[in-house]
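Chain and residue survey
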Amino acid sequence: MRKMSDMMADFASFGGRQGAFFRDGAFLRDGAYSRETESSDRLAVLADFGSNPGALTARFYLPPDLPPGAPLVVVLHGCTQNAAGYDHRAGWSTLADEAGFALLYPEQSRLNNPNLCFNWFRPGDARRDAGEALSIRQMIDALGQVHAIDSARVFITGLSAGGAMTSVMLAAYPEVFAGGAIIAGLAYGCASTVPEAFDCMRGQGAASDEELWALLREASDHGGPWPRIAIWQGSADHTVAPSNAEDIAAQWRHVHHLGETPTREEMLGVRARRTWCNGAGEAVIELNTVASMGHGTPLGDGLGVPGPYMLDVGISSTREIARFWGLADAPQTRAALPARPVAPLAPAARRRPRAVTGQDAAPAASPAAVPATSRAKTYGTGPALQPPGADAFSVKKTIEDALRAAGLMR
């Protein structure tokens, strides 16, 4: 008998092949995008960008009169999102108009993943010169031919599964990127199967610092310099455990030759920010924890449009990420906030990976597409996480009930 996880994976894949996806408690057909997203789509299509082994779509935005030699920001959407919707709500193209940089949006398809998640946990898509990772690399090269991009100023960011895929790109192609920003994402190489991915999201079976460093070293033969890394995480995220942000920071501290103690610790409104600086005093790792925030992209400062998993917490991670990279200035109101020391956060638990049994198998829906606990709910059009007040819904239980009703399991 095959494992229950495999059976449910086939079940979910069948739904994806039929062009259906789960949203707001019902299955919808392909093309059921909101009118708001359609009317606000500012992105063009990059039709030909190479062999595209990951079968992704490339969308891009160039502000009017963008001069040659402009920076490029690559943005990866979360599960059940698309490129245009994420751009509209995060405000990246608005900021690109203000600050003068190009945007590239790789976009997932349901043929690859029923929930539109980037496949950060599949070895064939999550390594250098293969699958989805290679497709994104080819897009960057092709857009550089369409518009003369400054190859020394290419940056990448993403939310949830897009954040985990951002970790993949930074690890696999560190020579390409000057910086990265991972929002509610995961460390590179923490999972290579669906059950491992769910364990990683829950913060279970975490690798040691030494194992995290080894995974990053083995991803490429790059010897430096290394990208600057910004990390954003909600303290009340019940889908991607906050300990994952600690793992990302630990993974990148080693290659930057930094210790565990940050150079600066500050409280800026609802955000606790820890910064690690190199010997020249440059900030190379920044870990931002937003108090009481769930799973999603932090919005505020008049930039972006709140929605499912696009969370108005009074601070724009889009603008702050661009500030960290040196592409835009932070708002005066944010810069003027007094900084005060905060107590160091407790170090993330470092547990050895545990064996996964059939009883531990994760649901078929793609990792980062459904909540990480057995009490979690699937809801909305964002990275399929639970907003306050949503009714409890267990994907695994529903599939199991359907299989029992069909006489396929006891």
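Residues numbered from 1 in each chain as written. Predicted model: local features only at pLDDT ≥ 70, side-chain atom pairs only at ≥ 80, totals over all residues. Heavy atoms only, no water.

The next thing to look at is the overall build of the protein. The number of helices and strands found in the protein is 12 helices and 14 strands. Counting the 410 residues in the protein, one finds 56% classified as buried. Within the protein, contacts between residues at least 6 apart in sequence are counted, and of these 70% link residues at least 24 apart. Total accessible area computed for the protein in this model is approximately 16900 Å², and 53% of it derives from carbon and sulfur atoms. (Helix = DSSP H or I, 4+ residues; strand = E, 2+ residues; numbered from the N terminus. Buried < 20%, exposed > 50% of the residue type's maximum accessible area, 1.4 Å probe, protein only. Contact = heavy atoms within 4.5 Å. Areas by Shrake-Rupley, 256 points an atom, 1.4 Å probe, with all protein chains shown as cover.)

As a further point, take the packing of aromatic side chains. Enumeration over the complete set of coordinates arrives at five aromatic pairs. A ring pair is formed by tryptophan 226 and tryptophan 252, whose centres lie 6.2 Å apart and whose planes are at 70°; its orientation type is edge-to-face. Taken together, the residues tryptophan 226 in the loop between helix H8 (209–218) and strand S9 (228–234) and tryptophan 252 in helix H9 (residues 243–255) connect sequence positions 26 residues apart. Like tryptophan 252, tryptophan 226 is buried. Pairwise contacts between aromatic rings join Trp92, Phe101, Phe155 and Trp325 into one cluster. Against the face of phenylalanine 324 rests arginine 228, its NZ or CZ located 4.5 Å from the ring centre. (Phe/Tyr/Trp six-rings, centres within 6.5 Å; stacked < 30°, edge-to-face > 60°. Lys NZ or Arg CZ within 6 Å of the ring centre and 35° of its normal.)

As a further point, take helix H10 (residues 317–325). Extensive coverage of H10 is indicated by the burial of eight of its nine residues. Ser317, Thr318, Arg319, Glu320, Ile321, Ala322, Phe324 and Trp325 are the residues of H10 that are buried. Glycine 326 sits one or two positions beyond H10 and adopts a positive phi of about 85°.

This brings us to the state of the cysteines. Applying the stated criterion across every chain yields a total of two disulfides. Each sulfur of the disulfide joining cysteine 79 and cysteine 117 lies 2.1 Å from the other. Torsion about the S-S bond of the cysteine 79 and cysteine 117 cystine: about 125°, corresponding to right-handed handedness. On the criterion of sequence distance, the pair formed by cysteine 79 in the loop between strand S5 (70–76) and helix H3 (83–90) and cysteine 117 in the loop between strand S6 (102–107) and helix H5 (131–146) is long-range, its members being 38 residues apart. For the pair cysteine 79 and cysteine 117, one class covers both residues: buried. Ordinal numbering of bonded cysteines along the protein defines a disulfide pattern of 1-2, 3-4. (Disulfide = S-S within 2.5 Å.)

With that settled, consider the environment of glutamate 246. By secondary structure assignment, the location of glutamate 246 is in helix H9. Note: C-alpha distance between glutamate 246 and alanine 187 (59 residues apart in sequence) is 9.0 Å. One polar contact links glutamate 246 to arginine 274, side chain to side chain, over a distance of 2.6 Å. (Polar contact = N/O pair within 3.5 Å; in protein donor to acceptor, adjacent residues only side chain to side chain.)

So, on to the pattern of salt bridges. For the structure on display, the rule yields 13 salt bridges. Here aspartate 141 ties to arginine 137 by a salt bridge, and the two come within 2.4 Å at their closest N and O atoms. Residue aspartate 141 and its partner arginine 137 are located together in helix H5, separated by four residues, close to a single helical turn. It is possible to trace a salt-bridge network through shared partners that takes in Arg271, Glu286, Glu320 and Arg323. (Salt bridge = Lys/Arg side-chain N within 4 Å of Asp/Glu carboxyl O.)

On average, residues of the protein score 79 in pLDDT, and 70% of them are at 70 or above. Contacts of residues 332–364 to residues separated by more than four positions or lying in other chains number 73 contacts, the stretch itself having pLDDT below 50. Of the regions scoring below 50 in pLDDT, residues 402–410 engages in nine contacts with residues more than four places distant in sequence or in other chains. (pLDDT = per-residue confidence, 0-100.)

Next up on the list: the packing of helix H4 (residues 92–99) against H10. The N-to-C vectors of H4 and H10 enclose an angle of 45°; their axes lie 10 Å apart at closest approach. By the criterion of interaxial angle, the relationship of H4 to H10 is oblique. Between H4 and H10 the crossing geometry is right-handed. In contact with Trp92, Leu95 and Glu98 of H4, H10 contributes Thr318, Arg319, Ile321, Ala322 and Trp325. (Axes fitted to C-alpha atoms, helices over the stretch in contact; angles between N-to-C directions. Parallel < 35°, antiparallel > 145°, perpendicular 65-115°, else oblique. Left-handed = near helix turned anticlockwise from the far one by under 90°.)

To continue, consider unusual backbone geometry. With omega at 0°, the peptide bond leading from glycine 224 into proline 225 counts as cis. The residue proline 225 is located in the loop between H8 and S9 in this model. We note that aspartate 129 has phi near 60°; this positive angle belongs to a residue other than glycine. Along the chain, the position of aspartate 129 falls in the loop between S6 and H5. The phi dihedral of histidine 257 is positive, around 60°, even though this residue is not glycine. You can see histidine 257 is positioned in the loop between H9 and strand S10 (264–268). For histidine 257, a relative accessible area of 72% puts it in the exposed group.

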